[in-house]
Amino acid sequence: MDPWLKKAALSFDGGGIRGYWSLLALKALMEEVQKVEKERDEGTHSSFAPCAEPERVSHLRSEEYTHFLPCHYFDYIGGTSTGALITILLSRFRMTVEDCITEYRTMAGTIFGRRRVLHALNTFIYPKPKYYAKSLDDAINQVSNRRKERGSNKSEILFETDSKTCRGIALATDISNISNTRFLFRSYMPFSELGKPIDQTIGMKNHDEGIKLAMLTVARAATAAPLFFGRYRVSLTPDQVVGSRQDLRSRTTFVERLTTRQPEPNSMKTFEDAGFTSANNPSAEILDEIEYQQGAKKRGDRKSNRPIVVSIGTARPGYSNRKETVRSIIKKSFYNAGNTEDVHSIMLKYERDGKCLYHRFNDEYGLNIEMDEWKPSKDGRETLRRMDDVFQEWRENPGVRTSFRACAERLVDLRRARACHKLWKRYALVMKIASLGICNETMA
């Protein structure tokens, strides 16, 4: 079996500051991955193996981070709202989970540490969002400057990844037309997984735009919660859309069959985050994307090539309020609009039907923290400590530990099967190589 036909995807729910809980769950998973890798072969010191780990993989000291990177275990990483920010850090910048946590905490302080006194959420009549959009811009630009490639003098960093490595997907809602539509920002050229042309693109979302845009544009559109940061309006010109007709023609042979139009010059679009839609849990959307990218029918044996989908929640609590007030009714409607458990139920059905191998990590009892809580405003240490404490208690549940183990074993099996393939060096190191084998022995 060709190990590259089987895909693995990592999905992050939207949830504001509770994305920190999501990263704690990912850290626990990668620590379990490390244990399994060591059990299989004590000589495996990093997920780059059998390649040597390059220098400057992390901004942390060697003993401070897990040397097994999410980008080596997942072909697709996708997220909604702040889950999209995590997606960018893990896919575009290929961070270790500890580096990602460090950057997320820094970004959270910049974003949530300062708010308007009067805003739409506490007056219901004042039109301004709760937070300053500039704070969000600053947070994104700061992490970009810290993490951009050494020697790079590009003023604008693209949300772009090599098509043969880990890919990123950030979800948003396009409200430019009467009917709001889901919009996928992709770090890769669509259909590059296919070994031959496809006949039609019916059903696939915005396959001809939103491709490899400026990272700031993607991050702002994916986090444009109307009441928190305001909607995001941007012009997607052909120059900005790297997936323009000429660029696509150079990469594929099916472009003449595209049925949707190319974006017009100065085509203005208005975006909201997808947090108040079913895509607040984007796992089903990402599974659909995998199937589109591999074609209507997967090559090889369909059962053995079922994708692995790992969905990570934000410990979102159930909503309950005995006293019905105007404010509580509005909050309840927001909660129901972004309910993540409906998609979880759909994914469980997909697994029963043999469509995927599915793992979900989420605290069903919930984390009683507002999505923008940051106490104290100076450093948020109280909020972060509470999330750490609740997470550690949840993690000690025997059923949770068993789930982490089962998921880690599947991910390690896939990575080790690929590590003996001629494409591994490019996948692991993001480099183009000749068609040469790189292993002298099979990794079990």
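Look up a bit, the structure's there.
Described below are features of the structure shown in this document. Position numbers for residues count from 1 along each chain, tracking the sequence in the order it is written. In keeping with the model being predicted, local features are shown solely for residues with a pLDDT of at least 70 and side-chain atom pairs are shown and tallied solely at 80 or more, while totals for entire chains, interfaces and linings include all residues. Water and hydrogen atoms play no part in the side-chain values, which are based on all heavy atoms of the structure.

By the criteria applied, helices consist of DSSP H or I runs no shorter than four residues and strands consist of E runs no shorter than two, each listed in order from the N terminus. A count of helices and strands for the chain gives 13 helices and eight strands. Only protein chains enter the calculation, and the probe is 1.4 Å; a residue is then buried if its accessible area is under 20% of its type maximum, exposed if over 50%, and partly exposed in between. Relative to its 444 residues, the chain shows a buried fraction of 55%. Working rule for contacts: check all heavy atoms of both residues, and any pair within 4.5 Å makes them a contact. In the chain, the proportion of contacts linking residues at least 24 apart, taken out of those at least 6 apart, comes to 76%. Summed over its atoms, the accessible surface of the chain is roughly 20500 Å², and 49% of this surface lies on carbon and sulfur atoms. Surface exposure here means Shrake-Rupley accessible area, sampled with a 1.4 Å probe, where a residue is shielded only by the protein chains that are shown.

What follows deals with the pattern of salt bridges. By definition here, a salt bridge exists when the distance from a side-chain nitrogen of Lys or Arg to a carboxyl oxygen of Asp or Glu is within 4 Å. For the structure shown, the criterion picks out 34 salt bridges. Two residues, Lys27 and Glu31, come together in a salt bridge whose shortest N-O distance is 2.5 Å. Note that Lys27 and Glu31 are positioned in helix α1 (residues 19-40) at a spacing of four residues, about one turn of the helix. Arg56 serves as the salt-bridge partner of Glu55, at 3.7 Å between the closest nitrogen and oxygen. Residue Glu55 shares its accessibility class with Arg56, and that shared class is exposed. Taken together, the shared-partner salt bridges in this structure form one network comprising Glu32, Lys35, Glu39, Arg405 and Glu409.

Right, let's get into the nonpolar core. As used in this record, nonpolar core signifies buried Ala, Val, Leu, Ile, Met, Phe, Trp, Tyr and Cys residues forming a set joined through side-chain atoms within 4.5 Å. Core analysis: the biggest nonpolar cluster contains 91 residues, and Leu10, Leu26, Leu29, Phe74, Phe185, Val310 and Leu411 have the highest contact counts within it. When residues in this core are grouped by element, the largest group, 11 residues, is from α1. Setting aside residues up to four positions removed in sequence, Val310 forms contacts with Ala9, Leu10, Ser11, Leu29, Phe74, His359, Phe361 and Cys407.

Once that is clear, we can look at empty space enclosed by the protein. To find leftover empty space, one rolls a probe the size of a water molecule over the atoms. Only protein atoms enter the 1 Å grid, on which a cavity is a set of points fitting a 1.4 Å probe that cannot get out and a pocket is an open set with protein on both sides within 12 Å along at least 5 of 7 lines, lining residues being those with an atom within 4 Å of a point. Grid points are joined across faces, edges and corners, and a volume is the space filled by probe spheres set on the points. All told, the structure shown has three cavities of 30 Å³ or more when counted by the stated rule. Lining the largest cavity we find 16 residues, and of these Gly16, Thr82, Ile111, Phe112 and Phe229 sit closest to its centre. Counting residues per element, the ones that place at least two in the lining of the largest cavity are α2 (82-92) and α3 (97-112). Looking at the lining of the largest cavity element by element, the count peaks at five residues for α3. All residues other than Ala, Val, Leu, Ile, Met, Phe, Trp, Tyr, Cys, Pro, Asp, Glu, Lys and Arg, Gly among them, are scored as polar; the first ten of these are nonpolar and the last four charged. Among the residues making up the lining of the largest cavity, the classes are represented as 11 nonpolar, four polar and one charged.

Moving on to the pairing of strand β4 (residues 181-186). Of all the six residues making up β4, five are buried; the element is thus mostly covered by neighbouring parts of the structure. Two strands are said to pair when DSSP picks up at least two bridges between them. Pairing of strand β3 (residues 167-174) with β4 involves six bridges; the strand directions are antiparallel. Across the sheet, Ala172 pairs through a bridge with Phe183, a residue of β4. Counting the residues between successive antiparallel strands, the hairpin from β3 to β4 contains six residues.

Here we come to the packing of α2 against helix α6 (residues 215-222). Running from N to C, α2 and α6 point in directions that differ by 150°, and their axes come no closer than 9 Å. Classified by the interaxial angle, the pair formed by α2 and α6 is roughly antiparallel. Facing α2, whose interface residues are Ala84, Leu85, Ile88 and Arg92, α6 presents Met215, Val218, Ala219 and Ala222. Tallied by class, residues from the contact of α2 with α6 come to seven nonpolar, no polar and one charged. Lines fitted to C-alpha atoms define the axes, with helix axes restricted to the stretch in contact, and inter-axis angles between N-to-C directions lie between 0 and 180 degrees. Reported orientations rely on four angle classes, namely roughly parallel under 35 degrees, roughly antiparallel over 145, roughly perpendicular from 65 to 115, and oblique for the rest.

Turning next to the environment of Trp394. Along the chain, the position of Trp394 falls in helix α11 (residues 381-395). In this structure the C-alpha to C-alpha distance between Trp394 and Asn362, which are 32 residues apart in sequence, comes to 9.1 Å. With sequence-adjacent residues up to four places away left out, Trp394 is seen in contact with Trp21, Phe361, Asn362, Asp363, Glu364, Val400 and Phe404.

This part is about the pairing of strand β7 (residues 308-312). With five of five residues buried, β7 lies mostly within the body of the structure. Alternating positions in β7 separate into two faces, Ile308, Val310 and Ile312 on one and Val309 and Ser311 on the other, with burial throughout. With five bridges connecting them, strand β1 (residues 8-12) and β7 associate as parallel partners. Across the sheet, the residue bridging to Ala8 is Ile308, located in β7. Bridging between β7 and strand β8 (residues 357-361) involves five bridges; their strand directions are parallel. Along β8, the bridge assignment pairs Ile308 with Leu357.

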